[in-house]
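# Residue-level structural notes
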Amino acid sequence: RFDRLFWRRLWALARPFWFSEEKGKGRSLLAVLLVLGAMTIALSAYFTFILRDSTQALVNKDPRKFYHEIELFFAWFVAMVPVAAYYPWLIGRLTIVWREWMTRQFIALGFGHRSFYRMSLSGQVDNPDQRISEDINGFAGGTQIFFLIVLGAIVTALTFFGILWSISPFLS
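## Remarks on helix α1 (residues 4-18)
Counted at 1.5 Å a residue, the expected span for α1 with its 15 residues is 21 Å, and the 21 Å between its end C-alpha atoms agrees. If you look at α1, its biggest bend is around 30°, right at A12, and the proline P16 turns up within four residues after that.

## With respect to the packing of α1 against helix α3 (residues 63-110)
Following both chains from N to C, one finds α1 and α3 inclined at 105°, their axes separated by 10 Å at the closest point. Taken together, the axis directions place α1 and α3 in an arrangement best described as roughly perpendicular. Residues L13, A14, P16, F17 and W18 of α1 form the contact with α3, whose participating residues are L94, V97, W98, W101, M102 and F106. For the contact of α1 with α3, the per-class residue count stands at 11 nonpolar, no polar and no charged.

## What to know about the packing of aromatic side chains
Overall, the coordinates contain 18 aromatic pairs when judged by the stated rule. With a centroid separation of 6.3 Å and an interplanar angle of 35°, the aromatic rings of F73 and F77 are classed as tilted. Of this pair, F73 and F77 are both found in helix α3, 4 residues apart, which corresponds to roughly one turn of the helix. For F73, a relative accessible area of 27% translates into the label partly exposed. A residue is classified by how much of its surface remains accessible, and F77, at 42% relative accessible area, is partly exposed. Ring centres 5.8 Å apart and planes at 40° place the aromatic pair F161 and W165 in the tilted group. Taken as a pair, F161 and W165 lie in helix α5 (residues 128-171) at a separation of 4 residues, close to a single helical turn. Through a chain of ring-to-ring contacts, three or more aromatic side chains come together here, namely F17, W18, W98, W101 and F139. It is R15 that lies over the ring of F19; its NZ or CZ is 4.4 Å from the centre. Against the face of F19 rests R27, its NZ or CZ located 5.0 Å from the ring centre.

What counts and how
- Just so you know, the residues in each chain are numbered from 1, in the order the chain's sequence is written.
- At least 70 in pLDDT is required for a residue's local features to be given in this predicted model, at least 80 for side-chain atom pairs to be given and counted, and no such filter applies to totals for whole chains, interfaces and linings, which use all residues.
- Hydrogens are left out, water is left out, and the side-chain values use all remaining heavy atoms of the structure.
- Secondary structure elements are defined from DSSP: runs of H or I of at least 4 residues count as helices, runs of E of at least 2 residues count as strands, and each element is numbered from the N terminus.
- Here, expected helix span is obtained from the residue count minus one, scaled by 1.5 Å.
- Here the bend at a residue means the angle between the axes of two seven-residue stretches, the one that ends at it and the one that starts at it.
- Only the contacting stretch of a helix is used when fitting its axis, a line to C-alpha atoms as for every element, and angles between N-to-C directions run 0 to 180 degrees.
- Oblique is the label for every angle not falling under 35 degrees (roughly parallel), over 145 degrees (roughly antiparallel), or within 65 to 115 degrees (roughly perpendicular).
- Only heavy atoms matter for contacts: two residues are in contact if any of them lie within 4.5 Å across the pair.
- Residue classes follow a fixed rule: Ala, Val, Leu, Ile, Met, Phe, Trp, Tyr, Cys and Pro count as nonpolar, while Asp, Glu, Lys and Arg count as charged, and any other residue, Gly among them, counts as polar.
- Any two rings among Phe, Tyr and Trp, with Trp reduced to its six-membered ring, count as a pair given centres within 6.5 Å; such a pair is stacked if its planes are under 30 degrees apart, edge-to-face if over 60, and tilted if neither.
- Summary of the burial criterion: residues with accessible area below 20% of their type's maximum are buried, those above 50% are exposed, and those between are partly exposed, where the area comes from a 1.4 Å probe applied to protein chains only.
- Definition used: whenever NZ (Lys) or CZ (Arg) falls within 6 Å of the ring centre and also within 35 degrees of the ring normal, the charge is taken to sit over that ring.

Here you go:
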């Protein structure tokens, strides 16, 4: 459930990283991801105009306009490829930075005061360090993917709503 308790717990787990000694690296990577996400949305919106104008040029049998739109498409392609290539790589990089920091923190907290020794004596938990690492990896990766997808979906919806709103007078 996405209730108030969920969001409080999520923030309690995520907040320490964004205010830690790694905050500069994490915030920089997040800022670049947000810029690349905005560029992806802007380029996607621009692509709709390229498609519209190239289709219109074909309908009007205007080869000069059509070839111009093909040139714009190649320019769009040259701009989109690096953005689309770096975006997932930066997501992975931020996940690694966040995961490494959280793993160090949890291991220091969980294995201090001979806790690891006591866990191994009880026999109830197998490979606690591996479990911590895997759980943290899932948390760090899942949280940022969730955030970026939700934010991207909202901005994309607003962008394309704006495009539809701008062309709506021509539809009536």
